[in-house]
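# Close look at the chain arrangement
The residues making up each chain are set out below.
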Amino acid sequence: MSYAITSRCAGVRDGACLDVCPIACIHDAGDQFVIHPDECIDCGACAVACPAQAIVEGHEAPGALAYARAALHLTP
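This report concerns the structure included in the present document. In this text the structure is predicted, and so the values were computed from the model without any measurement.

### With respect to the pattern of salt bridges
Inspection of every chain in the model, using the stated rule, returns two salt bridges. Between R13 and D28 there is a salt bridge, with its nearest N and O atoms 2.8 Å apart. Of this pair, R13 sits in the loop between β1 (3-5) and α1 (16-20) while D28 sits in strand β2 (residues 26-28), and the two are 15 residues apart along the sequence. Classification of R13 by relative accessible area gives partly exposed; the value is 30%.

### Thoughts on empty space enclosed by the protein
All told, the structure shown has three cavities of 30 Å³ or more when counted by the stated rule. C9, D14, C17, F33 and C50 are the residues nearest the centre of the largest cavity, which is lined by 14 residues in total. Each residue belonging to the lining of the largest cavity can be placed in one class, and the counts come to 11 nonpolar, one polar and two charged. Forming the walls of the second largest cavity are Y3, C21, P22, I23, C25, C40, I41, D42, C43, G44 and C46. The residue makeup of the lining of the second largest cavity, split by class, is nine nonpolar, one polar and one charged.

Reading the values: rules and limits
- Residues numbered from 1 in each chain as written.
- Predicted model: local features only at pLDDT ≥ 70, side-chain atom pairs only at ≥ 80, totals over all residues.
- Heavy atoms only, no water.
- Salt bridge = Lys/Arg side-chain N within 4 Å of Asp/Glu carboxyl O.
- Helix = DSSP H or I, 4+ residues; strand = E, 2+ residues; numbered from the N terminus.
- Buried < 20%, exposed > 50% of the residue type's maximum accessible area, 1.4 Å probe, protein only.
- 1 Å grid on protein atoms, 1.4 Å probe; cavity = no way out; pocket = protein on both sides within 12 Å on 5 of 7 lines; lining within 4 Å.
- Points joined across faces, edges and corners; volume = space filled by probe spheres on them.
- Nonpolar A, V, L, I, M, F, W, Y, C, P; charged D, E, K, R; others polar.

This is the structure we're talking about:
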């Protein structure tokens, strides 16, 4: 299961998560960042770095995973 960025990121867009992601699976979706669920290696580095505490394990935020898939134009 990948990590997901919740709506708490909207408007914050600090970018600390981008700096620590070892595989660059975090993408700009306009008003917030999203994690590509098929690329995430579940390292958790982004969650620790996020100042808004907006990054959680995907199973904790199924809506955020759905939003990421839609923003990245991925099939469910």
